[in-house]
Amino acid sequence: PKHWNVPGTLKVVQAIAERYKDHPAVVGFAVLGSPSATIPPQQLVQYYTAAYKAVRGAGMSAYAVTVHFSVHRRGTGELLALGFPPREMEDVVLDVTRTLQ
């Protein structure tokens, strides 16, 4: 969406990662809740790449914390077609939410 403050969102992700990087109860970090279907896949990949770097750069290691990328109801096809997640990203999950109706 045009009103999504990506730099601000990344600052929040980094602050949370810095705050909880050594907390033993934190084993996963979802860097975005349910992304809007209006976000172009390329923009989502750019954000997820930057968020991953922010999390790992803050000291949350792949050994201790899995980074979750929500694809919500859009499925994984669009992101996988763009080569996301790349092999160098360690301990990540594409989180697909399905709603039963």
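Cut-offs used in this document
Residues numbered from 1 in each chain as written. Predicted model: local features only at pLDDT ≥ 70, side-chain atom pairs only at ≥ 80, totals over all residues. Heavy atoms only, no water. Helix = DSSP H or I, 4+ residues; strand = E, 2+ residues; numbered from the N terminus. Buried < 20%, exposed > 50% of the residue type's maximum accessible area, 1.4 Å probe, protein only. Contact = heavy atoms within 4.5 Å. Areas by Shrake-Rupley, 256 points an atom, 1.4 Å probe, with all protein chains shown as cover. Lys, Arg positive; Asp, Glu negative; His and termini not counted. Charge placed at Lys NZ, Arg CZ, Asp CG, Glu CD. Salt bridge = Lys/Arg side-chain N within 4 Å of Asp/Glu carboxyl O. Polar contact = N/O pair within 3.5 Å; in protein donor to acceptor, adjacent residues only side chain to side chain.

Chemist: Kindly report on the overall build of the chain, identifying the contributing residues and their values.
Modeler: What the chain contains, in helices and strands, is three helices and three strands. When the helices and strands of the chain are listed from N to C terminus, the series reads α-β-α-β-α-β. Once the C-alpha set of the chain is aligned to its principal axes, its extents read approximately 35 × 30 × 25 Å. Within the span of the chain, comprising 101 residues, buried residues form 36% of the whole. Pairs at least 24 residues apart make up 74% of the contacts formed inside the chain by residues separated by at least 6 positions. Carbon and sulfur atoms form 55% of the exposed surface of the chain, whose accessible area is close to 6,300 Å². Here the chain holds 10 positive side-chain charges and 7 negative ones, and the gap between their average locations is 8 Å.

Chemist: Lay out the side chain of R56 with the relevant residues and their values.
Modeler: By secondary structure assignment, the location of R56 is in helix α2 (residues 41-57). Among buried Asp, Glu, Lys and Arg side chains, R56 stands out as unpaired, with D91 the closest opposite charge at 5.1 Å. Here the side chain of R56 touches S61 through a polar contact of 3.4 Å, landing on its backbone oxygen. Only 3.1 Å separates the side chain of R56 from the backbone oxygen of V65, close enough to count as a polar contact. Here R56 is in contact with S61, A62, V65, V67, E90 and D91, once residues within four sequence places are set aside.

These values are about where atoms sit, not about what they do.
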